[in-house]
Amino acid sequence: MYEKIIILDFGSQTAQLIGRRIRELNTYSEILPFNRFPRDTEGIKGVILSGSPYSVYDADAFKVNLADIRGKYPILGICYGAQYLAYSSGGTVEPARSREYGRAHLSAVDNTNALLKGINAGSQVWMSHGDTITCLPQSFRVIASTEDVNAAAYQIEGEQTFGVQFHPEVFHTTDGIRLLDNFLHICNCKKDWTPASFIESTIADLKERLKKDQVILALSGGVDSSVTAVLLNKAIGKNLNCIFVNHGLLRKNEFENVLKDYEHLGLNVIGVDASAKFYKELEGVTEPEQKRKIIGKGFIDVFEEEAHKLKNIKWLGQGTIYPDVIESLSLTGTVIKSHHNVGGLPEKMSLKLIEPLRLLFKDEVRRVGEELGMAPHLIKRHPFPGPGLGIRILGDITPEKVHILQEADHIYMSLMREWGLYDTIWQAGTILLPVRSVGVMGDDRTYENTIALRAVTSTDAMTADWAQLPHDFLAKVSNEIINKVKGVNRVVYDISSKPPATIEWE
């Protein structure tokens, strides 16, 4: 059992960032809705209360009775969390006369306090609130102030309970990591959550749970399923049965290349080329969600057919990661977003689920892959959507369109690696637009297709910014695609960020 910090999420946009920062300090963190403190408290060392889009005095504000954890665990309230601790203890929170959004500086700091050890006056903090604590309860003691906010940080006397009205988790709070590290020391955390410790404990757990049972796993060629496969393989060896389905919407030569990679990893893999089936079922379909559903159902059908050829399968392995778990539940318990893999199969085939990576963020999955000794091109691969090029071809899908997009994408990815740009980008790809335009090639008039290039920077895909690629690189890509891919006479570059746009176009 890992030591852990529980983060109670009151709807903060930065709850995941808080969790990531704690994990960067080699301590496991778990993000839960504000009203779902775990019944099993083994391993819990401290609690963080997140920010919120609400004011504490709003009728719809998220509120919870903290009596069961106050005094039992060290607590750190951040922004709304700090205000809620004060408000629920009899303090006063009001709209600030001067709202604070952005940079501020601590004007007074009690750095003898354990939370603020090593932090001095003048340290920059990041504010993002329209309210402020105007009157603290009697037992609350101010330990830091800014020019405009008296109670920028406080501690409750007689408790290891703290509140800060700034955001230590964001980059612009210069001593934010130090403050969070101080909180972990207050919690007496061992800080031994590392890729190596995760691998050791996970393989031991898999051996204990699975014993000699047979497991089936759908491989996609992506980071998550590949790392899942290697972990399971180390635990149960040939009792792991992997299926890699080619739906005809993969990148150029990807089916063959990925099968070779998996062979080198010593995995037991069945490769199935079902591209003809998918092309037939997608014929004439243009609506994005319908395409996704057809591809998802088709994948399940092929996977199930292959699975029935195997004997005594008891478990379904999945590459679910922690953001999938977080995004799947809202604060009210409703499903926000259904997630990938092979939904519906466990119940249909009476299989039990095994998800070795469900505790990890994407960057942690990559670090685990590195620790496992996997080849860099497998673990540093850009995310690629399950429906593949099917949602990068806007409009209906045909084998001819897939070929055009595969060729254009291959040029883009190859040049990105050649120019040393691939590893600086979170995700990149090409999109075939349902737009034809006039062009001139030699002395001939053309009327052909348009390719859009997409490249974004991100840390976790929750938000993303368009990558400012060098103009001479974009010129080279455009020239290569137009000259070498028959059927394309125009290339454009997408400069939309997420939000408001999404990374994929469909």
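Definitions and cut-offs
- Each chain carries its own residue numbering, running from 1 in the direction its sequence is written.
- In keeping with the predicted nature of the model, local features appear solely for residues at pLDDT of at least 70, side-chain atom pairs appear and are counted solely at 80 or more, and the whole-chain, interface and lining totals rest on all residues.
- In computing side-chain properties, one takes all heavy atoms of the structure into account and sets aside hydrogens as well as water.
- Elements are defined by DSSP. Helices are runs of H or I of four residues or more, strands are runs of E of two residues or more, and each kind is numbered from the N terminus.
- Here the globule rule reads 2.2 Å times residues to the power 0.38, and the radius of gyration is calculated from C-alpha atoms.
- Burial classes follow relative accessibility: with a 1.4 Å probe on protein chains only, a residue under 20% of its type's maximum area counts as buried, one over 50% as exposed, and anything between as partly exposed.
- Two residues qualify as a contact provided that any one of their heavy atoms is within 4.5 Å of a heavy atom in the partner residue.
- The protein chains shown are the only cover counted for residues, whose accessible areas, like all others here, come from Shrake-Rupley with a 1.4 Å probe.
- Charge counting treats Lys and Arg as positive and Asp and Glu as negative, with His and both chain ends excluded.
- Every charge is mapped onto a representative atom, which is NZ of Lys, CZ of Arg, CG of Asp or CD of Glu.
- At least two DSSP bridges between two strands are needed for those strands to be called paired.
- Expected helix span is computed as 1.5 Å times (number of residues minus one).
- The arc refers to the directions leading from the helix axis to the C-beta atoms.
- Counted as a polar contact is a pair of N or O atoms within 3.5 Å, where, for protein atoms, one must be capable of donating a hydrogen and the other of accepting one, and residues adjacent in sequence contribute only when both atoms are in side chains.
- Salt-bridge detection follows one rule: a side-chain nitrogen of Lys or Arg within 4 Å of a carboxyl oxygen of Asp or Glu.
- To obtain each axis, a line is fitted to C-alpha atoms, and for helices this fit is confined to the stretch in contact; angles are then taken between N-to-C directions over 0 to 180 degrees.
- Oblique is the label for every angle not falling under 35 degrees (roughly parallel), over 145 degrees (roughly antiparallel), or within 65 to 115 degrees (roughly perpendicular).
- When the near helix sits turned anticlockwise from the far one by under a right angle, the crossing is termed left-handed; a clockwise turn instead gives a right-handed crossing.
- Residues are sorted three ways: Asp, Glu, Lys and Arg are charged, Ala, Val, Leu, Ile, Met, Phe, Trp, Tyr, Cys and Pro are nonpolar, and all the rest, Gly among them, are polar.
- Each aromatic pair joins two rings of Phe, Tyr and Trp (for Trp, the six-membered one) with centres within 6.5 Å, and gets the label stacked for planes under 30 degrees apart, edge-to-face for over 60, and tilted for any other angle.
- Working rule: Lys NZ or Arg CZ, within 6 Å of ring centre, within 35 degrees of ring normal, means a charge sits over the ring.

Along the backbone of the protein there are 14 helices and 18 strands. Taking 2.2 N^0.38 as the reference for a compact globule, 506 residues should give roughly 23 Å; the C-alpha atoms of the protein span a radius of gyration of 26 Å, in line with that estimate. Projected onto its principal axes, the C-alpha positions of the protein cover 80 × 60 × 40 Å. Looking at the protein residue by residue over its 506 residues, the buried ones come to 56%. When contacts within the protein are restricted to residue pairs at least 6 apart in sequence, those whose partners lie at least 24 apart make up 73%. As presented, the protein carries roughly 23100 Å² of accessible surface, and 49% of it is formed by carbon and sulfur atoms. In the protein, the 56 positive side-chain charges and the 63 negative ones have mean positions that sit 3 Å from each other.

With that out of the way, let us pick up the pairing of strand S16 (residues 444–457). The pairing of strand S15 (residues 427–441) with S16 spans 13 bridges and is classified as antiparallel. Paired with Leu432 across the bridge in S16 is Ile451. Judged from the five bridges that link them, S16 and strand S18 (residues 488–493) form a sheet pairing that is parallel. Directly across from Thr450, in S18, lies its bridge partner Arg490.

What follows is about helix H4 (residues 195–210). Taking 1.5 Å of rise per residue, the 16 residues of H4 would be expected to cover 22 Å, and the 22 Å separating its terminal C-alpha atoms lies within 8% of that figure. Of all the positions in H4, only Phe198, Ile199, Thr202, Ile203, Leu206 and Leu210 are classed as buried. Along the axis of H4, the buried positions cluster into a sector of 120 degrees, meaning they face one direction only. Among the exposed residues of H4, those pointing more than 90 degrees away from its buried face are Glu200 and Glu208. The inward-facing, buried residues of H4 contact strand S10 (214–219), helix H5 (223–236), strand S13 (313–317), strand S14 (352–354) and helix H11 (362–371).

Looking at the secondary structure, you find Gln214 in strand S10. Side-chain polar atoms of Gln214 contact the side chain of Asn239, separated by 2.8 Å. Once you skip the residues sitting within four places of it in the chain, Gln214 turns out to touch Lys238, Asn239, Asn241, Lys311, Asn312, Ile313, Lys314 and Trp315.

Turning our attention to the pattern of salt bridges. Evaluated as defined, the whole model comprises 26 salt bridges. Of the charged contacts in the structure, one is a salt bridge between Lys314 and Asp213, with a shortest N-O distance of 3.8 Å. Of the two residues, Lys314 is situated in strand S13 and Asp213 in the loop between H4 and S10; the sequence distance between them amounts to 101 residues. In this structure Asp213 comes out as buried when scored by relative accessible area, which is 19%. Between Asp494 and Arg454 there is a salt bridge; the shortest N-O distance is 3.2 Å. One end of the pair, Asp494, is in the segment after S18; the other, Arg454, is in strand S16, with 40 residues separating them in the sequence. Given the relative accessible area of 11%, Asp494 is considered buried. Each of Arg20, Asp363 and Arg367 takes part in one network of salt bridges that share partners.

With that settled, consider the sheet that holds strand S11 (residues 240–246). Across the sheet, five strands lie side by side as S12-S11-S10-S13-S14; this open sheet has parallel pairing. Every other strand in the sheet has two partners, leaving strand S12 (269–273) and S14 as the edge strands with one partner each. Adjacent strand axes in the sheet meet at a mean angle of 30 degrees when their direction is disregarded. Alignment of S10 against S13, held across four bridges, turns out to be parallel. Bridging from a neighbouring strand, Gln214 pairs with Ile313 of S13. Each of S10, S11 and S14 is contacted by H5, which is oriented at about 160 degrees to S10, the strand it contacts most.

We now examine the packing of helix H13 (residues 399–418) against helix H14 (residues 471–484). At a closest axis distance of 10 Å, the pairing of H13 and H14 adopts a crossing angle of 150 degrees. Here H14 runs roughly antiparallel to H13, going by the angle between their axes. The two elements H13 and H14 cross, and the hand of that crossing is right-handed. Residue-level inspection shows Ala408, Ile411, Tyr412, Leu415 and Met416 of H13 in contact with H14, the latter providing Phe473, Lys476, Val477, Glu480, Ile481 and Lys484. Class assignment of the residues belonging to the contact of H13 with H14 gives a composition of eight nonpolar, no polar and three charged.

Take the packing of aromatic side chains next. What the rule picks out here adds up to 19 aromatic pairs. Seen in terms of ring centroids, Tyr80 and Tyr84 are 6.0 Å apart; in terms of plane orientation they differ by 5 degrees. Their pairing is stacked. Here Tyr80 pairs with Tyr84, and both are found in helix H2 (residues 80–88), just four residues apart, close to one helical turn. Residue classification places Tyr80 among the buried positions, given a relative accessible area of 1%. Relative to Phe361, the ring of Tyr322 lies with its centre 5.5 Å away and its plane at 80 degrees, an arrangement referred to as edge-to-face. Of this pair, Tyr322 sits in helix H9 (residues 322–327) while Phe361 sits in the loop between S14 and H11, placing them 39 residues apart in sequence. Phe361 matches Tyr322 in its accessibility class, with the two residues each being buried. Connected via pairs of aromatic rings, a cluster forms that spans Phe10, Phe34, Tyr54, Phe62, Tyr80 and Tyr84. Over the aromatic face of Phe361 sits the side chain of Arg20, whose NZ or CZ is 5.6 Å from the ring centroid. The ring centre of Tyr422 lies 4.1 Å from the NZ or CZ of Arg417, which sits over that ring.

What follows is about H5. Across its 14 residues, H5 extends 20 Å between first and last C-alpha, which sits within 8% of the 20 Å expected from 1.5 Å per residue. Burial analysis of H5 places 13 of its 14 residues in the buried class, which makes it a mostly covered element. Where H5 ends, the next residue or the one after it, Gly237, has phi of about 55 degrees, a positive value.

Below, the discussion takes up the pairing of strand S3 (residues 44–49). Within a regular beta strand, the side chains point alternately toward one face of the sheet and then the other, so they alternate between its two faces. Of all six residues making up S3, five are buried, and the element is well covered by its neighbours. The pairing of strand S1 (residues 4–9) with S3 spans five bridges and is parallel. Counted as the bridge partner of Leu8 is Leu49 from S3. Relative to strand S4 (residues 75–78), S3 is paired through three bridges, and the arrangement is parallel. Its bridge partner lying in S4, Val47 is registered against Ile75.

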